[in-house]
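# Inside the fold
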Amino acid sequence: MAQTGRPKADTARRPTDTIPQRDLIDVFRSVFNVKPRKVSVTEKKKFYFSFLPISTSDGRSGGRALFTSTTAGFYLGDQKTTNLSTVVFTPYFNLKGRYGLPIRSSVWLKDNQWNVIGDIRLLVYPQYTWGLGGNMNNHDKFLVDYNYIRLYQTVLKRIKPYFYAGVGYNLDYYADIDSQGEQTLRDFTKYKYGTATGQDAFSSGATLNLLYDTRRNSIDPLPGVYANVSYRFNTKVLGSHTNWQSLYIDLRKYVSLTNSGPKNVLAFWTYYWTSLTPGTPYLNLPSLGWEPYQRSGRGFQQNRYRGQRLAYFETEYRRDITRNGLLGFVLFANVNSVTEPDTYKFTYWHPAGGTGLRFKFNKKSGTNISLDYGVSRNYSSINLNLGETF
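Residues numbered from 1 in each chain as written. Predicted model: local features only at pLDDT ≥ 70, side-chain atom pairs only at ≥ 80, totals over all residues. Heavy atoms only, no water.

### A look at the packing of aromatic side chains
- In the structure shown here, the tally under the stated rule is 23 aromatic pairs.
- Plain terms: the ring middles of Trp-108 and Tyr-164 are 5.4 Å apart, the flat faces sit at 75° to each other, and that makes the pair edge-to-face. Placement of Trp-108 in strand β5 (residues 99–108) and of Tyr-164 in strand β9 (residues 163–179) is noted, with a sequence separation of 56 residues between them. Like Tyr-164, Trp-108 is buried.
- Of note, Arg-98 hangs over the ring of Tyr-125, and the distance from its end group to the ring centre comes to 4.1 Å.
- Across the ring face of Phe-390, the terminal group of Arg-318 is positioned such that the distance to the ring centre comes to 4.9 Å. (Phe/Tyr/Trp six-rings, centres within 6.5 Å; stacked < 30°, edge-to-face > 60°. Helix = DSSP H or I, 4+ residues; strand = E, 2+ residues; numbered from the N terminus. Buried < 20%, exposed > 50% of the residue type's maximum accessible area, 1.4 Å probe, protein only. Lys NZ or Arg CZ within 6 Å of the ring centre and 35° of its normal.)

And the structure:
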């Protein structure tokens, strides 16, 4: 007989409380006396929508930024046997000339038999780079401008409960790479692949993927485990400018410290990202804040450290302040290192830490508004997101 869902024991792992949960939607209804639509006992809502328009300081690139974050959560099967699918759309405009249209999705088909993951981005992305290695002076940076198109698609089939295997296709197109001033990106980095001024860098390749995921909701992960391994091989046969390969390993663990009552969770995250062969374009090399979900490195500028290999560790303590789940806080710390271009060794480690507030935006999907402050040596940032960092 085919397996149609999760073991029954998994549904009991979420902490429970007798206090009714409350979110910002409930607060809005109370303030403006808006009565919710009556839902029959037999009706089950399968679609949850969260929208956040905001103008804020951009902790990753400096200056002001305007963006909207739209998160859609929905079920394509019985909620007892099917994970919550998510689509996140975050149009972005930076007053310094950076803007983009990223769309990320993770769709779970009925009874979790298939998981389809997508990542599409159209970006105009002027950004500083500090070259290769972990010992570059903070003031020794170089502004490079480029347009970027990303098309990633992965299809995974369940092999056994929680465990999936599949294939995918990854396309990265960096167009109109332009250096600012007389010095070129190639002169600054001393790296020859994908650094020629005025030229494009096109990478096209297949991926082999393994996934182990016991979480029911990726927007607000509950106690569980997430492990993802992705091997990418780019080839000129598929149009890639150079042949190159990479490996990305992502591990996460969520531990509940109580069996009931308000959220009280420890979360751990580590990833290892490496280029396996020569020929990797400079902008495709492992870089802080450029992992698939672009959430690592709170307290650092995105792209601050880049190398042939990158190791990253983060831990976060998550706790509700109010028993109804409306308000919470987090404490976090992270550390990262990239290999040096001459020795290929991890020599310099860079720590950061911080704290943040959580405002329950939609209790049905578990969507929080996350406001974090992170600090590292010579830098600090404020990050605002819908959903948890990891």
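### Observations regarding the nonpolar core
- Residues Tyr-146, Ile-177 and Tyr-271 are the most contacted members of the largest nonpolar core, which totals 32 residues.
- No other element matches strand β8 (residues 142–160), which puts five residues into this core.
- Leave out the neighbours within four places in its chain, and Tyr-146 touches Leu-123, Val-124, Tyr-125, Gln-127, Tyr-174, Ala-175, Asp-176, Ile-177, Leu-283 and Trp-290.
- If you look at the next biggest cluster of nonpolar residues, it comprises five residues, including Leu-156, Tyr-164, Leu-211 and Tyr-226. (Core = buried A, V, L, I, M, F, W, Y, C linked by side-chain atoms within 4.5 Å. Contact = heavy atoms within 4.5 Å.)

### Examining a nonpolar patch on the surface
- A contiguous nonpolar patch, built from Phe-89, Leu-101, Ile-103, Ile-120, Leu-122, Ile-149 and Leu-151 and spanning about 530 Å² of accessible area, is present on the exposed surface.
- Counting only elements with at least two residues in the nonpolar patch, the list comes to β5, β6 (114–124) and β8.
- Of note, Ile-149 is situated in strand β8.
- Residue class for Ile-149 comes out partly exposed when judged on its relative accessible area of 36%. (Patch = residues over 30% accessible without salt bridge, like charges linked within 9 Å, V, L, I, M, F, W, Y side chains within 5 Å. Areas by Shrake-Rupley, 256 points an atom, 1.4 Å probe, with all protein chains shown as cover. Salt bridge = Lys/Arg side-chain N within 4 Å of Asp/Glu carboxyl O.)

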